[in-house]
Amino acid sequence: MGDNSQGLEQRVAELERAVTRLNDIVEIQHLLASYGPSVDSNSIDLAGEIWVEDGIYEIDGWELGNRQQIRDMLYSETHQEYVRVGSSHQVSPPRITLQGDTAVAITYQILIANGPHGFMIRRLTANRWALERRPEGWRVRRRTNRLLNGSPAARLLFRHSLQGVDDPLAVFEEEYEPTPREFAREQVELFERSNGTEGNTMQDRPIVVLTTIGRKSGKVRKSPLIRVEHDGQYVAIASYGGRPENPEWYGNLLHQPLVELQDGATRRRYLTRVLTGAERDTWWDRAVEAFPAYAEYQLKTARRIPVVLLQPL
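Computed from a predicted model, the values in this text were never measured in an experiment. (Residues numbered from 1 in each chain as written. Predicted model: local features only at pLDDT ≥ 70, side-chain atom pairs only at ≥ 80, totals over all residues. Heavy atoms only, no water.)

**With respect to the overall build of the protein**
If you tally the helices and strands in the protein, you get 10 helices and 15 strands. By its C-alpha atoms, the protein is 75 × 65 × 35 Å across when sized along the principal axes. Residues classed as buried in the protein amount to 42% of the 313 residues present. A separation of at least 24 residues holds for 58% of the contacts in the protein among residues at least 6 apart in sequence. (Helix = DSSP H or I, 4+ residues; strand = E, 2+ residues; numbered from the N terminus. Buried < 20%, exposed > 50% of the residue type's maximum accessible area, 1.4 Å probe, protein only. Contact = heavy atoms within 4.5 Å.)

**Details of the pattern of salt bridges**
Two side chains bearing opposite charge may form a pair once their charged atoms approach each other closely. What the rule picks out here adds up to 25 salt bridges. Across the pair Glu49 and Arg67 runs a salt bridge whose closest N-O atoms are separated by 3.6 Å. You can see Glu49 sitting in the loop between helix H3 (44–48) and strand E1 (51–59) and its partner Arg67 sitting in helix H4 (residues 67–74), a full 18 residues away along the chain. When its relative accessible area of 33% is taken as the criterion, Glu49 is described as partly exposed. For Arg67, a relative accessible area of 10% puts it in the buried group. (Salt bridge = Lys/Arg side-chain N within 4 Å of Asp/Glu carboxyl O.)

**As for the pairing of strand E12 (residues 233–237)**
Most of E12 is tucked away: four of the five residues are buried. Across three bridges, the pairing between strand E11 (residues 228–230) and E12 is antiparallel. Following the sheet pairing, His230 is matched in E12 by Gln233. In this structure, the hairpin formed by E11 and E12 is closed by a connection of two residues, where Asp231 is found at a positive phi of approximately 50 degrees. (Pairing = 2+ DSSP bridges.)

**A look at the layout of surface pockets**
Estimated volume of the largest pocket: approximately 660 Å³. Along the walls of the largest pocket sit 30 residues, with Arg181, Ser223, Tyr240, Pro247 and Trp249 positioned nearest its centre. Those elements that place two or more of their residues in the lining of the largest pocket are helix H7 (182–193), strand E10 (220–226), helix H8 (248–255) and helix H10 (293–300). Sorting elements by how many residues they give to the lining of the largest pocket places E10 first, with six residues. A per-class count over the lining of the largest pocket returns 14 nonpolar, nine polar and seven charged. (1 Å grid on protein atoms, 1.4 Å probe; cavity = no way out; pocket = protein on both sides within 12 Å on 5 of 7 lines; lining within 4 Å. Points joined across faces, edges and corners; volume = space filled by probe spheres on them. Nonpolar A, V, L, I, M, F, W, Y, C, P; charged D, E, K, R; others polar.)

**Comments concerning the side chain of Thr107**
Along the chain, Thr107 turns up in strand E5 (residues 102–113). Among the residues examined, Thr107 registers a relative accessible area of 1% and is labelled buried. Those residues in contact with Thr107, other than ones at most four positions away along the chain, are Leu32, Val91, Ser92, Pro94, Thr125, Ala126, Asn127, Trp129 and Phe158.

So yeah, pure geometry; function would need other evidence.
Okay, here's the thing in structure tokens:
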């Protein structure tokens, strides 16, 4: 009888947790679903109430730092014109991840506005909502908004939200694990110590230092690579001297496409994309022009050497 009682208590506790979880999800869904109707009906106070008092609304790199600033934005001439002519701020059903008294939701938002030629889509964005439970219910702590216009930042916002990454740039604060290859390790150390003024060539060609995150270790890894740049854009060539296998850094960026590149004294974060087709061919020709040995490396290996474009964040 005792075992049955304990089993029943456990099942009841699990049921209570499941019901609480479902209630939280429904409350968050209702909260986010209220944003569009509040804005489009010009109910500014109601729209602002979904944030905590010091909540943040980040829009493509600029921030509104509290609830009042968000209300002021909604009262702006541009926003009021949308309301006047007729608009629809449509927030998609959210994908919600609960973490105790905090949660993360990702949604799409489409702004449709009336105009001389009827209703048209004016804006399509990726959104990440960081929420927290308050005595008055769930509220938004931070909303991050990125245009879905091919921007790598929008893709990264969704990717890291799905992976449960709170701060994607925090990966570069992990422990640095130098490569066991002595010449590469010493060159990276000299390059970084001198801020790119020393150790900045390889076979008489300029280099850059690529930072990736080890796919197995999770540690910061750094590799000196031949500099291939055109009109401010960079590619990384996974030649590995024509060896049969790809270099380790290439496997790392396939697992974690967020990387860092230092060119001289300039250091910047990028999202990587492996090129194919005509785009790859164009960049491969530029790479061979920058370092003719790449053509020899391709002849030495059966694999097609990957060409990776670095897209700035």
